[in-house]
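Per-entry structural report
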Amino acid sequence: MTNKAIRFSIAFAMVVGASACGNDSAGADGTDTDALPTGDTSNPDDDDDADTDADASSGGDESGDETGGDTDDPPITDCDVATFDNVIDEAMCPHVQGEGVQPEPADQVEICRRLYIDLLGISPTAVDYEVDCKDRSVDEIVDDFMARPEYVLMSQRMWADVFHMNSELTYHAYIADLDAMVGQVYAPNPADQITLDTFALEAVTHPAFLGRWDGLDLIGFNFLSHFGRDASGAERLDIFPLFRMWEEREFTDPVQGATHRVVLNTNNCVNSALCSSDYWQAGDQVVIPQPSPGAEDPELNVIDVDLLTPEQWDAVRLPGQRIANSGEFYEAYIDRTLDRYLGYDLGTAVPAARQALVDLLEANNGNARVVDREILTALVYTATNSYDEDDKPDPSDWDPNYWHGPTKQMGAEVWLRSTQRLVGQVPGSCDHRYPEVMGTHPHSYPTTDGMTPDYAFRDTARLLGGCPDRESSFRETRAGLIAALTQATLTRDLCLAATEDSPIFPQQFIEDPNDEDEASLSAAANQIYAAALIRPIPETAADALHAGVDGCRDDSTCNPAQFAEHTCRLVIKSSDFLFY
C-alpha cells in the first residue's frame, strides 16, 4: 500500500471515529463510549451527494424517514387525562411527557436493527429489512420475532449465564433439562408454556443447580439468580437447613465420562431439627423418611434424584415455593428484563414502571412473554436513540436515559455472527449450555470429524469477551470487544474473506474492477453501508467517504476492491454498526 493510501486509511478511520454519538456517556451496561470508535446514529433528512450515491448503489429505498410507530397521535400534555395502551408508557408519563419531553419514535431501520439484535441475536442485512421490517408496525415485528425459535434461544442464553451452566462441573443431562425448562417459560405455543412461578419452584432445587454449587454458595447463588442480590449471612444460615439432604456422588456416564449425580441423603435429617428453618415461616421443614431406617449401610438411605416420587419432590421443593411466592422474585425478574432490553436500570430510576410490570405479571399468572412484549412495545424501547443534549461536563446533570431510546452495544457473539454473515460466512455460535463439551455428550457445536467439537467460533468470541467459561465468574464481554476491534487483524481477515455471494461484496455494482472513477468508488463503499443496514450513511462518515474517494483516485495502486475493503473494516467496527 502506498503512503497516500495509508494516509487515507488513517484519515478515514479518524473521521469516522471522531463522529458524535449523542451526549450519552455510556453504552449498554455502562460501557464508556470514549473507548469506542463513535458515530452519529441518526438518520438526517437532508441528503448529501454520498446519500444519493447510496440510494443508487443499494438498489432500493433508503427508508430513512419511515417511522416504526404511530406518529399521528397528538402529543401528550396532561398525564392525568391521557390514556395509554402500555402500562410502562402510563407509568413513565409523569417523568417524560410530564416534564415536557416528547420522545421521537425510532424509524423502521433503527427499530428493525434493535429488535433483530435483541430477539434474534444477529444484526439484520438490507435484505432482512425488506423481508421482515419494511412497512410493518412495531407490534407486528415484535409478534413475529417472539414467535421464532431464536427468541427462545436468546432467553435460554441469558439464563445460562444466570445459572453458570458448565458441564465440566455438572452432569450434562441435568443442564439440558434445566435449559429445556427455560425454553418452556418463553415458548410461543401456550400449551408448551410454564409460568415464572413454576420455573422458580423447580429451578431452586433442580439438580443442574444443586450440582453446580456446594454448601453456603448454593444459597448465595440462589439469591443472586432469583432475587438479583446475594444472601445475607443470616439468610444463608437460616435457609441452609432446607438444603441439608442434598449431596453428590461420583458417577461415570457413558458419553460424558467422570461426573457427579445429585442425590438426597436422608441420613442428614434423622434429627428433623437439623433440616428445619424459621426463615420465611415458623416450622419450615424439609424431611424425607428414610427408605431403610437403621440400615447398617448408610447408602441404602440415599435416594438418586431421578428416583424421587412426586410426593418427595413436593417436600424438597419448599425453598422454591418460598422464593416463587416472594414479591422480591417478580421485582428482580422485572429489573433483569428491563436491563436486558433497555441496557439500564429503569426499575430503580422509576419504581412505578417496575411496579406496573409486576402488576402485569401478576395479572397474567406469571407469563414472562407478556412482560417482554410490554417492554418491547413501550416508548422507552421504541423511541429513537438519536438524542440531542446540551454539553454538560458533570454526568449527574445529564438527561435521564428514558428520555430517548436505548443506546446499547452488541455483545461479542452477536457482533461476530453479524459480521460473519455480512462477508458470506455461515454464522457460528457457542453452545450456551456447555462452554466445554466433556466426552461425547450431545451439543450444538459443529464438529471437525463428526464427533470432535469445533471451537473455532467459541475461541474467537472469547478473544472478544464472549462465550463465557462460567467456571468462577462472568467474562466482561464489552471491554474485550472494544479492545479487539482496535486491532486490524480480525476486521481485515473478515473483510478479505468476502465472497461474490456475500451481502457486503461490492463488485456486483462495479462494471470494471479497476475503474477509479467517482461513481465506482462510491458504489463500492455505499454497498457496504447499505448491506449492513446503516442507511442513510451518517453525515460525518459521508464526508470521510468523499475524502477517501478523492485520495483513492489520486493513487495509482488504489482500486474499488481495495477501497471497499478499507470501508468494510471501518464499517464493522464503527459505532454506527456496533451500537443499536
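Structure: above.
Figured I'd write up the structure that's included with this text. Please read these numbers as outputs of a predicted model, since none were measured by experiment. (Residues numbered from 1 in each chain as written. Predicted model: local features only at pLDDT ≥ 70, side-chain atom pairs only at ≥ 80, totals over all residues. Heavy atoms only, no water.)

**Some thoughts on unusual backbone geometry**
Phi angles above zero are rare outside glycine, and N365 is one such case at about 55°. Relative to the helices and strands, N365 resides in the loop between α17 (351-363) and α18 (368-376). We classify N365 as exposed; its relative accessible area is 58%. In this structure, L533 is a non-glycine residue whose phi angle is positive, near 60°. Structurally, the position occupied by L533 is in the loop between α24 (518-531) and α25 (539-553). (Helix = DSSP H or I, 4+ residues; strand = E, 2+ residues; numbered from the N terminus. Buried < 20%, exposed > 50% of the residue type's maximum accessible area, 1.4 Å probe, protein only.)

**A few points about the state of the cysteines**
Summed over all chains, the structure comprises six disulfides. A sulfur-sulfur separation of 2.0 Å characterises the disulfide bridge that pairs C495 with C568. Between C495 and C568, the disulfide has an S-S torsion of -85° and is therefore left-handed. Of this pair, C495 sits in helix α23 (residues 488-496) while C568 sits in helix α26 (residues 560-572), placing them 73 residues apart in sequence. Look at C495 and you get buried, because its relative accessible area is 7%. Since its relative accessible area comes to 3%, C568 is described here as buried. Each disulfide pairs two cysteine sulfurs, and for C552 the partner residue is C558, the sulfurs being separated by 1.8 Å. (Disulfide = S-S within 2.5 Å.)

**Overview of helix α6 (residues 138-146)**
Residues of α6 that are buried: V138, I141, V142, F145 and M146. Along the axis of α6, the buried residues cluster in a sector spanning 120°; they form a single face. On its buried face, α6 is in contact with α4 (108-120), α5 (126-133), α7 (149-163), α18 and α19 (379-382). (Arc of directions from axis to C-beta. Contact = heavy atoms within 4.5 Å.)

**Examining the pairing of strand β2 (residues 257-265)**
Alignment of strand β1 (residues 246-253) against β2, held across eight bridges, turns out to be antiparallel. Residue pairing in the sheet places E248 in a bridge with V262 of β2. Between β1 and β2, which pair antiparallel and follow one another directly, the connecting turn spans three residues. For β2 and strand β5 (residues 302-304), the ladder comprises three bridges, and the chain directions are antiparallel. (Pairing = 2+ DSSP bridges.)

**Looking at the side chain of R157**
Looking at the element boundaries, R157 is found in helix α7. A relative accessible area of 17% means that R157 is categorised as buried. Discounting chain neighbours no more than four positions away, the residues touching R157 are E413, H432, C467, P468 and R470.

**Examining the environment of E413**
Residue position: E413 is located in helix α20 (residues 412-422). For E413, a relative accessible area of 15% corresponds to the buried category. Discounting residues that sit within four places of it in the chain, E413 has contacts with R157, C430, F457, A461, G466, C467 and P468.

**Focus on α25**
With 15 residues, α25 ought to run about 21 Å at 1.5 Å a step, and its terminal C-alpha atoms sit 21 Å apart, in line with that. All of the buried residues along α25 are A541, A542, A544, L545, G548, V549, G551 and C552. (Expected span 1.5 Å × (residues − 1).)

**Some thoughts on the environment of H260**
By secondary structure assignment, the location of H260 is in strand β2. Here H260 falls in the partly exposed class, since its relative accessible area comes to 33%. Linking H260 and E247, residues 13 residues apart in sequence, is a C-alpha distance of 9.7 Å. If we ignore the near neighbours within four places in the chain, the residues touching H260 are Y171, Y174, E248, R249, E250 and F251.

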